[in-house]
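A look at the structure
Listed below, chain by chain, are the residues.
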Amino acid sequence: MSLAQVHYTSAAPGAEGSEGPAGRFTAVGPGVSGALLTEIEPLVRYELPEGVADRPSDGELRSLPQSFTYAVLSDGSRLVSRSAPVRDTGGGSGGDAVRGAGPGPRQGIRFHAHAVHLPPGVPLPGDRLPVEAWRSPLWVSTTPAGAIPDPLTLPPGPTAVSEGLDDFAVSRGPWLAAVLADLRRASGPTESGGRPVVLVERQCADVARWLGIASVTLPRESAERLTFTTYTRRPGSSAARVVGVLPEDAAAARAAGLRVHECAEQPPTGGGTDDVWATTAARVWRSRSPELFGEARELPGEPFAAGPLAVTALCAGIALGPDGRAAAAGWAADRPYALDAKRTGQLIEALTSPGIDDRTGPEFDAAGRMFGALEGRCPASVTAPLAAMLVTEAVRGGNGSLELPRRDAFTGPEGAAVAERLAPEILTELGDTTGPRSVARTVQLLRVARLLGVDRTDALPGIVDRLAPAVLAEAAAEESRAGAEGLPDFAPALLELLDEQFEVRTALLGALDRIAPQDPGAVARFLERVTLPFTGTQALPHLRMCAEVPGAMATLGGDRAAVWHRVLRAAGLSPFAEPLVLRTAVGLVWEDRAPTVAEARLLLEAATSDSHRAAGTWARLVDAALSASAAGTDEAASLAHDLLRSFPTEIGGRERAGLLLLDLVRELRTGAPDPGWAERVRTLCAQAEPVEPALRERAYAALVERLLAPDRPGAELYDFVHGDDPDLVAAYDRTARTEAVRTRLRAQPAYAADCFSVWTAHPHAGRTWPPVAAALLEEVLRPAVRAMSAEDVAEVEATVGRTGSSGRADAFRAWNRVSTLGRLGRRIAGRVRRG
């Protein structure tokens, strides 16, 4: 098909971007409208580099850059053009000279642009890419004779762009991956043309070679979207996706915020790019194997997926980095039927090469998935090297996430060789007790040991005894770190291990069952997240209790006694036969708090003291009694009495003193305690330190209530008064001022007489008692006596005389007379004031 041509040449002084027109169209083919010419004109303008001589030699003129451009116009049509400087011969159709940036015209140089217009949907001859027209001999530097040239058809000719690209790619090795990554992004369907990728080269022909590399590397549709110009002085204003500039214009491109690759300078230092496709493509070019891009595109996958290209490169013997190898293995894992047997073998050979020493975790993970996909679909002899690599990494590399092969993965001598090499290392590490080892690591080693047939029978008990607490500790640490719910990280591999190896399952469940009584709450929380397979014939009473408690609490709510009964039934053993089930049940139901007194009573009566002693649960009962003492319940004192009797040798220290104090409170209120009440209270409070304030108050209250009773022994009162204990005396004072005591004083003359005798006795007993007794006489007893009838007052006086002496009765009359005179005086004074 004939294509319309456009010729444009410099026509007036002034460089590109200067005031006034820069040139004129000298020939326009059919079908190119005036509106399109307005778009085309800025695309074909040309600006000379800095420092060009006014009258360059022929060699200098040929060395000046040419602007080879491919652009998409607003109507969907495309333009391929070449703008080049030419010598001004002075006249003809060539027009006037090009003026440089400095003052005055630059004589002897003009530029000529020759363009080919491609209507929408019309390709270049031979369906070639635009960059392939770069070397076409049909580009001209003068306008053909006649106003409008005949339509021109580009013949096939020597237009291929691939000549010499291998050498060029090798020479640009340090920049290859980063440039290809940017060219890939620039060729996207939504890539904006306003922010071009800038390639800095000393020769515009090298920019064209970069575009040639892109045309070979990128898929056809991406390469066609890649608009470009090989030379411009103003990259920031270019609408092309890729532009070439000379080194002197690189600073302006960087200042404009463009992505700049200075391929004419020193090689870059650093990682280049993390684009695995681009990195793999660069290795293909450096290996001088561009034909592999076509082969890779025949494999299934996304256009820029690294997997197909990486597989093709590895099968061709090209060494790749760990990311490329991981991409190849991952692709093969997802498409196990995409490769034939030959290429599958080549890929496995490349991935397992003994010369590779930079494998990474993601690469091994991808290789494991690939093995899992190929296992059973390929002969074991083909996949055996991959299996050997995986198990070796599992042992030596510590990669706990690997997909391990099955036991039949090795055929012939391969398995025996790997087992002989790795068995000592496995057994040594599993038997090491000097340092911590993660659960995932232990699980992996046990699985590899079974895979390779390593005998670990003798070492298994010790391995499991270390594994069981590590399982609980790691799960708890993970939960506390992130509040994690669901399975711990190691759980899937652990469950798979237990499913594979019956002997490990039996031993581990037994070890966890032995641990459960020590920390049943931790085991229960673990079992809520990880459902262990203990539904078989093993007894495992403690594990069954730990598994039962969440459901019991959800069903029975706050009835902890009912929960305890249900959990204990889940054990399947009587606490008389196995006392430790008591400890587990109590720890599960009352993990973070003490039982109430009623609950403690239930526990005490549910088993013998010997069972509680063996289980250690008696300590929980002591906590219940001491915690409940603050509430002032008599049941706590009764429980304390029973505990002291049931566990006389186990309870000691401050706990024993606290219980004895509670028991003394019970005796003071309900029985006949041994003599020396006040001293016993003081001594037990000191031994129970730090004693709960409420318990101290209960003991003091019980003591002083008994001392305020008429039937208390005189010796106890004497000891109390002469003990000169400010706290006890203060407690006595508070109790004596209560309304109950005041009411009794008013209602019972005998009690009032008794209190008068007590509060007037011992006037010199230390410094604490006398002022308190005097205050009680005036502030408590005197108001009560004033409220009595004359008969009751007489009875008080008589009672004081009978229980004391005539002198004591006289003292009461004198004390009461003072009170009576005081009343009479106040009455008389009141009458005088009223008169």
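These notes cover the structure that comes with them. (Residues numbered from 1 in each chain as written. Predicted model: local features only at pLDDT ≥ 70, side-chain atom pairs only at ≥ 80, totals over all residues. Heavy atoms only, no water.)

Here we come to the overall build of the protein. When its secondary structure is counted, the protein shows 37 helices and 9 strands. With 835 residues in all, the protein has 50% of them scored as buried. Long-range pairs, those at least 24 residues apart, make up 70% of the contacts in the protein with a sequence separation of at least 6. Carbon and sulfur atoms form 53% of the exposed surface of the protein, whose accessible area is close to 37,000 Å². (Helix = DSSP H or I, 4+ residues; strand = E, 2+ residues; numbered from the N terminus. Buried < 20%, exposed > 50% of the residue type's maximum accessible area, 1.4 Å probe, protein only. Contact = heavy atoms within 4.5 Å. Areas by Shrake-Rupley, 256 points an atom, 1.4 Å probe, with all protein chains shown as cover.)

This next bit is on the pattern of salt bridges. As enumerated under the stated definition, the model contains 48 salt bridges in all. Here R666 makes a salt bridge to D663, at a shortest N to O gap of 2.8 Å. Here D663 and R666 lie together in helix 28 (residues 653-670), a separation of 3 residues that amounts to about one turn. By relative accessible area, which is 23% here, R666 ends up partly exposed. Notably, a salt bridge pairs R734 with E697, separated by 3.5 Å at the nearest N-O pair. Taken together, the positions of R734 in helix 32 (residues 726-736) and E697 in helix 30 (residues 693-707) put the pair 37 residues apart, joining distant regions of the chain. The class of R734 is partly exposed, set by a relative accessible area of 45%. Judged by relative accessible area, which is 40%, E697 ranks as partly exposed. One network of salt bridges, with partners in common, ties together R172, E201, D206 and R209. (Salt bridge = Lys/Arg side-chain N within 4 Å of Asp/Glu carboxyl O.)

So, on to the side chain of R456. Within the secondary structure layout, R456 lies in the loop between helix 16 (439-451) and helix 17 (460-482). A distance of 3.1 Å separates the side chain of R456 from the side chain of E503, its partner in a polar contact. With near-sequence residues (within four places) excluded, R456 lies in contact with L427, L446, A449, R450, Q501, E503 and V504. (Polar contact = N/O pair within 3.5 Å; in protein donor to acceptor, adjacent residues only side chain to side chain.)

The interhelical angle for the contact between helix 22 (residues 560-571) and helix 24 (residues 597-606), taken along N-to-C directions, is 30 degrees, at an axis separation of 10 Å. As judged from the angle between their axes, helix 22 and helix 24 are roughly parallel. Along this stretch, helix 22 crosses helix 24, giving a crossing that reads as right-handed. In this structure, helix 22 uses R560, A561, W564 and H565 to contact helix 24, whose residues at the interface are E599, L602, L603 and A606. In terms of residue class, the contact of helix 22 with helix 24 is built from 5 nonpolar, 1 polar and 2 charged. (Axes fitted to C-alpha atoms, helices over the stretch in contact; angles between N-to-C directions. Parallel < 35°, antiparallel > 145°, perpendicular 65-115°, else oblique. Left-handed = near helix turned anticlockwise from the far one by under 90°. Nonpolar A, V, L, I, M, F, W, Y, C, P; charged D, E, K, R; others polar.)

Spatial strand order, 2-1-5-4-3-7-8-6-9: 9 strands in an open sheet with mixed pairing. In this open sheet, the two edge strands, each paired with only one partner strand, are strand 2 (23-28) and strand 9 (259-262). Pairing of strand 6 (residues 197-200) with strand 8 (residues 242-245) involves 4 bridges; the strand directions are parallel. Residue pairing across strands places V197 opposite V242, the latter belonging to strand 8. Docked against the sheet, helix 4 (residues 173-186) engages strand 6, strand 8 and strand 9, running at close to 150 degrees with respect to strand 9. (Pairing = 2+ DSSP bridges.)

On to helix 23 (residues 580-589), then. Residues spaced three or four apart along an α-helix point in a common direction, a consequence of the helix completing one turn every 3.6 residues. Counting buried positions over the 10 residues of helix 23 gives 8, a clear majority of the element. Restricting attention to buried positions, one finds in helix 23 the residues V581, L582, T584, A585, V586, G587, L588 and V589. Turning to helix 23, the residues buried within the fold contact helix 20 (520-529), helix 21 (541-556), helix 22, helix 24, helix 25 (609-615) and helix 26 (618-628).

Here the focus is the side chain of D642. Looking at where D642 falls in the secondary structure, it is placed in helix 27 (residues 634-646). Judged by its relative accessible area of 13%, D642 falls in the buried class. Here R601 takes part through its side chain, which lies 2.4 Å from a polar atom of the side chain of D642. Once residues lying within four places of it in the same chain are set aside, the contact partners of D642 are R601 and L604.

This paragraph deals with the packing of aromatic side chains. Counted under the stated rule, the structure contains 17 aromatic pairs. For the pair Y46 and F111, a centre-to-centre distance of 6.2 Å together with 35 degrees between the ring planes defines the contact as tilted. Separated by 65 residues along the polypeptide, Y46 in the loop between helix 1 (34-44) and helix 2 (58-63) and F111 in strand 5 (residues 109-118) bring together distant segments of the chain. We classify Y46 as buried; its relative accessible area is 3%. Between the aromatic rings of F812 and W815, the centroid separation amounts to 5.7 Å while the plane-to-plane angle is 40 degrees, which identifies the pairing as tilted. One end of the pair, F812, and the other, W815, are both in helix 37 (residues 806-834), 3 residues apart, so they sit about a helical turn from each other. F812 sits in the buried class, given a relative accessible area of 1%. Of note, R184 hangs over the ring of F304, and the distance from its end group to the ring centre comes to 5.6 Å. Over the face of the ring belonging to Y751 we find R744, whose NZ or CZ atom lies 4.2 Å from the ring centre. (Phe/Tyr/Trp six-rings, centres within 6.5 Å; stacked < 30°, edge-to-face > 60°. Lys NZ or Arg CZ within 6 Å of the ring centre and 35° of its normal.)

For the peptide bond that leads from E689 to P690, omega is -5 degrees, which places it in the cis range. Summarising the element assignment, P690 is placed in the loop between helix 29 (677-687) and helix 30. Of note in the backbone geometry, R288 takes a positive phi value of approximately 60 degrees without being a glycine. Looking at the secondary structure, you find R288 in the loop between helix 8 (276-286) and helix 9 (291-297). At H762, a residue that is not glycine, the phi angle is positive and equals roughly 55 degrees. Examined against the element boundaries, H762 turns out to sit in the loop between helix 34 (749-760) and helix 35 (769-786).

Attention now moves to the packing of helix 10 (residues 306-315) against helix 11 (residues 322-334). Where helix 10 contacts helix 11, the two axes come as close as 7 Å, and the packing angle between them is 105 degrees. Taken as axis vectors, helix 10 and helix 11 run roughly perpendicular relative to one another. Mapping the contact onto sequence places A306, G307, P308, A310, V311 and L314 in helix 10 and G324, R325, A327, A328 and W331 in helix 11. Each residue belonging to the contact of helix 10 with helix 11 can be placed in one class, and the counts come to 8 nonpolar, 2 polar and 1 charged.

Tracing the backbone through its elements, the reader meets R172 in the loop between helix 3 (165-171) and helix 4. The spacing of R172 and R286 is 114 residues in sequence and 8.9 Å in space, taken between C-alpha atoms.

Attention now moves to helix 21. Across its 16 residues, helix 21 extends 21 Å between first and last C-alpha, which sits within 8% of the 22 Å expected from 1.5 Å per residue. When the local axis directions of helix 21 are compared, the greatest deviation, roughly 35 degrees, occurs at V549, which is followed within four positions by the proline P550. What helix 21 keeps buried is the set P541, H542, L543, M545, C546, V549 and A552. Where helix 21 is buried, its residues meet helix 19 (502-515), helix 20, helix 22 and helix 23. Positive phi shows up at G557, right after helix 21, with a value of about 65 degrees. (Expected span 1.5 Å × (residues − 1). Bend = angle between axes of the 7 residues up to and from the residue.)

Moving on, we come to the environment of R195. Relative to the helices and strands, R195 is located in the loop between helix 4 and strand 6. On the accessibility criterion, R195 (45% relative accessible area) is partly exposed. Distance in space between the C-alpha atoms of R195 and G236 is 7.3 Å, their sequence separation being 41 residues. Not counting the four nearest positions on each side in its chain, R195 is found in contact with A256, G257 and L258. A polar atom in the side chain of R195 sits 2.8 Å from the backbone oxygen of A256. Separated by 3.1 Å, the side chain of R195 and the backbone oxygen of G257 make a polar contact.

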